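Listed below, chain by chain, are the residues.
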Amino acid sequence: MAIEVRDVNKSFGVTPVLRDVSIDVTSGSLTALLGPSGGGKSTLLRVIAGLEQPDTGTVVISGVDATRLSPQRRNVGFVFQHYAAFKHMTVFKNVAFGLEIRKRPKEEIRRRVMELLELVHLDQMAERYPSQLSGGQRQRMALARALAVEPQVLLLDEPFGALDAQVRKELRTWLRRLHDEVHVTTVFVTHDQEEAIEVADTIVVLADGQVKQVGSPAEVYDNPADQFVMRFLGPVTRLGDSLVRPHDIEISPAADPAGTTATVVRVVRLGFEVRVELLIDGQETWAQLARSTADRLDLQPGQAVTVRPSPAARPLALSAS
């Protein structure tokens, strides 16, 4: 079910948090709200959920103006960073809770809950309590609980933020697969660029309460709207009067009139990648090379080399706003 947010403004006291925010979320898509802390991501999610009221603007869900509707009438599922499980209830009862308060038939509840527990790979843990689950398992339980009432929209506020890096990686892969199975319109908040790029169909970049850019992960990464988006979406370095991705810098030990002369300062091996720190007319820059390329070049500190953007590079002029 599609979501339309139009000209939303929200302030807390005299502090503006959202400024004329407008976005469209396509039905059945998985959209990431990405940006730094304090950029307005969670507030926008809460406005969509009905947990916050905008000062001005509208929220339309499935063609219905939901701006003044209560959260209960919006048919949205919401998962917070901290899963807020009912500690005295089993996994089964936690997932069944929303169905039970809606007084669904017992057999329907049992069938629906077991379908969801199987979907999130917790069917063997139905009788356990939250304290007997790992953090990743508790978060999967929270997602099953949100999906149990068959919401039109699923909203996730930094769902993996409290988990360690390895579990986060595993769960974001799992979330993408889950979404491809259930196809519920999903919006999730994250400040993790890699997470947004790997999982989302569409990324909305938010900063200072404003939408900086909207597009597919490839569009936002390869064609950033400005310096902020380029810097936030991945590593950058300076080459002359432009910003460029470090992996888009080519290094040659031979002189090249089409390139720029640089001096190798340091070569750092980082697993399958190699970071080459360079100095150009007193200005520090760096390039990221594949290990095979670095081995072939055999670069040494103090060596003079030529650098230039690769043909696939899309430098962004520093004068751009």
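Treat the numbers as computed from the prediction; the structure is a model and nothing was measured. (Residues numbered from 1 in each chain as written. Predicted model: local features only at pLDDT ≥ 70, side-chain atom pairs only at ≥ 80, totals over all residues. Heavy atoms only, no water.)

Enquirer: Before we move on, can you summarise the environment of leucine 44 with the specific residues and values?
Expert: Looking at the element boundaries, leucine 44 is found in helix 1 (residues 41-49). By relative accessible area, leucine 44 is classed as buried at 0%. Taking C-alpha positions, leucine 44 is 32 Å from threonine 237, a pair spaced 193 residues apart along the chain. (Helix = DSSP H or I, 4+ residues; strand = E, 2+ residues; numbered from the N terminus. Buried < 20%, exposed > 50% of the residue type's maximum accessible area, 1.4 Å probe, protein only.)

Enquirer: How would you sum up the sheet that holds strand 4 (residues 56-61)? Please name residues and give values.
Expert: Here four strands make up an open sheet; going across it, the order is 2-1-4-5 and the pairing antiparallel. On the outer flanks of this sheet lie strand 2 (15-25) and strand 5 (64-65), each paired with one strand and no other. Relative to strand 5, strand 4 is paired through two bridges, and the arrangement is antiparallel. Paired with valine 60 across the two strands is aspartate 65, which belongs to strand 5. (Pairing = 2+ DSSP bridges.)

Enquirer: Can you tell me about the nonpolar core, naming the residues and giving the values?
Expert: Among the nonpolar cores identified, the biggest contains 47 residues, and Val95, Val113, Leu154 and Ile203 are the most heavily contacted of them. Of the residues forming this core, the biggest block, seven residues, is contributed by helix 4 (residues 135-148). Ignoring any residue separated from it by four or fewer positions in sequence, one finds valine 113 in contact with Phe92, Val95, Ala96 and Leu99. Of all hydrophobic cores here, the second largest spans 25 residues; its members include Val5, Val21, Val25 and Leu44. (Core = buried A, V, L, I, M, F, W, Y, C linked by side-chain atoms within 4.5 Å. Contact = heavy atoms within 4.5 Å.)

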